[in-house]
Amino acid sequence: MKAILKDIKLNFTTLILFGLLFPLSIWAIGLLFPNQANGLPIYKNGELIGFENIGQKFYSDKYFWGRPSAVDYNAAATGGSNKGPTNPEYLAEVEKRIVDFLAKNPEVKRSEIPSDLVTASGGGLDPHISPQAALIQIARVADARDLDQQTLRKVVEENIESPFLGMFGPERVNVLKLNLALDSLSQTLSKGEGF
């Protein structure tokens, strides 16, 4: 009987801790940092255009492309494909992405394509790409926007984010912020206020 009472107490304590106190503490933290809890919304001219922490589709040649998404950038259904690196369907999907990328970026060699441009992240909504993934797209974007490649390279370099605390994680580029900077640059240049 003592063992059963101990088990009931342990279950009740666990239920209170992890079923009530933990969710309430996470909710309270979300209230303290509302922007982070909401995905860091980005507004342009008062209109919500996206979220800093949630990847978006960019397929136009005029924009830098982000990391592919196994959930088609649906924030309600985050997740990866769960297919292993030897799965034939997965390999065919990656091969199609490589072929599509090379068709739009003919100056790039197959071996130069960074993996983050042809493989989806585990969450399916990664808003970042590596600096190499951004730099390799410069020729296509410059041609589509009739911009100088050096000017575009400068925009990419200005949007490279350092690792967290200077040491945790790799350098990265937020695709939405980079494309917004690109739009701002194009608007500035079209008004004759360029460099």
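Since the model is a prediction, treat every value here as computed from it, not as a measurement.

1. Points about the overall build of the protein
In step 1: Check the secondary structure of the protein and you find seven helices and five strands.
In step 2: Shown N-terminal to C-terminal, the secondary structure of the protein runs as helices and strands in the order α-α-β-β-α-β-α-α-α-β-β-α.
In step 3: On C-alpha atoms alone, the protein measures out to a radius of gyration of 22 Å, which is more than a quarter above the 16 Å that the 2.2 N^0.38 rule sets for 195 residues.
In step 4: Taken along its principal axes, the extent of the C-alpha atoms in the protein is 80 × 45 × 30 Å.
In step 5: In the protein, once contacts between residues fewer than 6 apart in sequence are set aside, the share between residues at least 24 apart is 58%.
In step 6: Summed over its atoms, the accessible surface of the protein is roughly 12600 Å², and 59% of this surface lies on carbon and sulfur atoms.
In step 7: A distance of 7 Å separates the average location of the 20 positive side-chain charges in the protein from that of its 22 negative side-chain charges.

2. A closer look at the pattern of salt bridges
In step 1: Taken as a whole, this structure holds 11 salt bridges when the rule is applied.
In step 2: Between lysine 57 and aspartate 72 there is a salt bridge whose closest N-O contact spans 3.0 Å. Note that lysine 57 is positioned in the loop between strand E2 (47-51) and helix H3 (88-104) and aspartate 72 in the loop between E2 and H3, a separation of 15 residues in sequence.
In step 3: Relative accessible area serves as the criterion here: at 43%, lysine 57 is assigned to the partly exposed category.
In step 4: What makes aspartate 72 partly exposed here is its relative accessible area of 47%.

3. Quick notes on the pairing of E2
In step 1: Looking at chain direction, strand E1 (residues 41-44) and E2 are connected through four bridges and run antiparallel. Across the sheet, isoleucine 42 pairs through a bridge with glycine 50, a residue of E2.
In step 2: In this structure, the hairpin formed by E1 and E2 is closed by a connection of two residues, where asparagine 45 is found at a positive phi of approximately 55°.

4. Looking at the environment of leucine 102
In step 1: Among the secondary structure elements, leucine 102 is positioned in helix H3.
In step 2: Under the relative-accessibility criterion, leucine 102 is labelled partly exposed at 22%.
In step 3: Residues leucine 102 and glycine 122, 20 residues apart in the sequence, show an inter-C-alpha distance of 24 Å.
In step 4: In this structure, leucine 102 is in contact with Val108, Lys109, Arg110 and Ile113, ignoring residues within four places of it in sequence.

5. What to know about H3
An α-helical turn contains 3.6 residues, so a residue and the one three or four places further along point in the same direction.
In step 1: Between its first and last C-alpha atoms H3 spans 25 Å; for 17 residues at 1.5 Å apiece the expected length is 24 Å, and the two agree.
In step 2: Every buried residue of H3 is accounted for by Tyr90, Val94, Arg97, Ile98 and Phe101. Down the axis of H3, the buried side of the element spans an arc of 100°, and every buried residue falls inside it. Exposed and oriented more than 90 degrees from the buried face of H3 are Pro88, Glu89, Lys96 and Ala103.
In step 3: For H3, the capping residue at the N-terminal end is asparagine 87, with a side-chain oxygen 2.8 Å from the backbone nitrogen of glutamate 89.

6. Concerning the confidence of the model for the protein
In step 1: Summing up the model confidence of the protein, the mean pLDDT is 87 and the portion of residues at 70 or higher is 93%.
In step 2: Helix H2 (residues 34-37) is the least confidently modelled element of the protein, averaging 62 in pLDDT, while helix H4 (residues 131-135) averages 97, the highest of any element.

Conventions used here
For every chain, the first residue of the written sequence is number 1, and numbering continues from 1 along that sequence. It should be noted that, the model being predicted, local features are given only for residues of pLDDT at least 70 and side-chain atom pairs only at 80 or more, the latter also being counted only at that level, while totals for whole chains, interfaces and linings use all residues. No hydrogens and no water enter the side-chain calculation; it runs on all heavy atoms of the structure. In DSSP terms, a helix is any run of H or I states spanning at least four residues, a strand is any run of E spanning at least two, and both are numbered starting from the N terminus. Radius of gyration here is computed from C-alpha atoms only, and the compact-globule reference equals 2.2 Å multiplied by the residue count raised to the power 0.38. Note on contacts: a residue pair qualifies if any of its non-hydrogen atoms lie within 4.5 Å across the two residues. Areas reported here follow the Shrake-Rupley algorithm with a probe of radius 1.4 Å; residue values treat only the protein chains shown as occluding. Within this scheme the basic residues Lys and Arg register as positive and the acidic residues Asp and Glu register as negative, but His and the chain ends are omitted. Where a charge lies is defined by one atom per residue type: Lys uses NZ, Arg uses CZ, Asp uses CG and Glu uses CD. What counts as a salt bridge is simple: a side-chain nitrogen of Lys or Arg found within 4 Å of a carboxyl oxygen of Asp or Glu. A simple rule labels every residue: compare its accessible area, found with a 1.4 Å probe on the protein chains alone, to the largest value its type can have, and call it buried under 20%, exposed over 50%, or partly exposed in between. Strands are treated as partners if at least two bridges between them are detected by DSSP. The span one expects for a helix is its residue count, reduced by one, times 1.5 Å. Directions pointing from the helix axis toward each C-beta atom define the arc. Polar contacts, as counted here, are pairs of nitrogen or oxygen atoms within 3.5 Å of one another; within protein the pair requires one atom able to donate a hydrogen and one able to accept it, and residues that are adjacent in sequence qualify only if both atoms are side-chain atoms. pLDDT is defined as a per-residue confidence score from the predictor, taking values between 0 and 100.

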